[in-house]
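# Reading the structure
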Amino acid sequence: MAIRIIRKDDDPILRKQSRPVEEFNEKLHILLDDMAETMYDADGVGLAAPQIGILKRVVVIDAGEGLIELVNPEIIETEGLQDGPEGCLSLPGVSGDVERPMKVKVKAYDRNGQEVEIEGTELLARAFCHEVDHLNGILFTDLIKDNE
Ligand code: ZN
């Protein structure tokens, strides 16, 4: 495993669309292992592949309940709303309040190509939305509401 360099601030790769993974091979497993190591090293809750310069639809999350690996994730259901502070490993020193669903259901594939469905509430729901946004070139600062 290896710690990868996290792309930051106005690096243009953070604004690109990531492509779906088609092959669930050793290369994907190495990417997932490196992403988890990089996320834990940086004390993050989640990391998306474009944040380390790889334009693939791959995400790792640990919201305190263990490592979750998502390949080609799609948000298929949302419920309720939450408003709260958010930050990003690619935007050090920046935080702001973002409205997200309270509950999110995600469909994705695991590292072996098995389809999985995972539900999350609160921080995990927020992380699902934040990381899927990264795959579409969206940063949380795009979503910060103006002061009320
Ligand atoms: Zn982020």
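This text goes with the structure placed above it.
This write-up is about the structure you can find in this document.

Reading guide: rules and limits
Residues numbered from 1 in each chain as written. Predicted model: local features only at pLDDT ≥ 70, side-chain atom pairs only at ≥ 80, totals over all residues. Heavy atoms only, no water. Donors = N, O, S within 2.8 Å, 3.2 Å for Na, K, Ca; no water. Helix = DSSP H or I, 4+ residues; strand = E, 2+ residues; numbered from the N terminus. Buried < 20%, exposed > 50% of the residue type's maximum accessible area, 1.4 Å probe, protein only. Expected span 1.5 Å × (residues − 1). Salt bridge = Lys/Arg side-chain N within 4 Å of Asp/Glu carboxyl O. Contact = heavy atoms within 4.5 Å. Pairing = 2+ DSSP bridges. Axes fitted to C-alpha atoms, helices over the stretch in contact; angles between N-to-C directions.

### Points about the coordination of the zinc ion
For the zinc ion, the full set of protein donor atoms is Cys88 (SG), His130 (NE2) and His134 (NE2), and the range of their distances to it is 2.0 to 2.3 Å. Expressed as a motif, the donor residue spacing for the zinc ion is C-x41-H-x3-H. Of the two residues, His130 and His134 both sit in helix 2 (residues 122-135), four residues apart, roughly one turn of that helix. On the accessibility criterion, His134 (2% relative accessible area) is buried.

### Considering helix 2
Every α-helix carries 3.6 residues per turn, so stepping three or four residues along brings you back to the same face. For helix 2, spanning 14 residues, the distance from its first C-alpha to its last is 21 Å, which sits close to the expected 20 Å at 1.5 Å a residue. Burial of helix 2 is extensive: 12 of the 14 residues sit out of reach of the surface. Of the positions making up helix 2, those classed as buried are Leu124, Ala125, Arg126, Ala127, Phe128, Cys129, His130, Glu131, Val132, Asp133, His134 and Leu135. Just past helix 2, the residue Gly137 takes up positive phi, approximately 75°.

### Some thoughts on unusual backbone geometry
Its identity as a non-glycine residue notwithstanding, Asp43 has a phi of 60°, on the positive side. Residue position: Asp43 is located in the loop between helix 1 (26-41) and strand 1 (46-48). Positive phi values are uncommon outside glycine, yet Glu122 reaches one of about 50°. By the element assignment, Glu122 lies in helix 2.

### Focus: the pattern of salt bridges
A full pass over the atoms with the stated rule returns 11 salt bridges. Across the pair Asp33 and Arg111 runs a salt bridge, and its minimum N-O distance is 2.7 Å. Of the two residues, Asp33 is situated in helix 1 and Arg111 in the loop between strand 6 (103-109) and strand 7 (115-121); the sequence distance between them amounts to 78 residues. Each of Glu86, Arg100, Arg126 and Asp133 takes part in a single network of salt bridges with overlapping partners.

### Points about the environment of Met102
Residue placement: Met102 occurs in the loop between strand 5 (96-100) and strand 6. For Met102, a relative accessible area of 32% gives the class partly exposed. Taking C-alpha positions, Met102 is 5.5 Å from Thr121, a pair spaced 19 residues apart along the chain. With residues up to four places along the chain from it excluded, the contact list for Met102 reads Glu79, Gly80, Leu81, Gln82, Gly120, Thr121, Glu122 and Ala125.

### Thoughts on the sheet that holds strand 7
Read from one edge of the open sheet, five strands run 1-2-3-6-7, paired in antiparallel fashion. The sheet is open, and its two borders are formed by strand 1 and strand 7, each paired with just one other strand. Here the strands of the sheet are splayed against their neighbours by 35° on average, with no regard to which way each runs. Relative to strand 2 (residues 58-61), strand 1 is paired through three bridges, and the arrangement is antiparallel. Note that in strand 2 the partner of Ala48 across the bridge is Val59. Against the sheet, helix 1 engages strand 1, strand 2 and strand 3 (68-79), with an angle of about 40° to strand 2. The sheet contacts of helix 2 involve strand 1, strand 2, strand 3, strand 6 and strand 7, and relative to strand 7 the element is tilted by about 125°.

Limitation: the analysis is restricted to geometry and does not speak to function.
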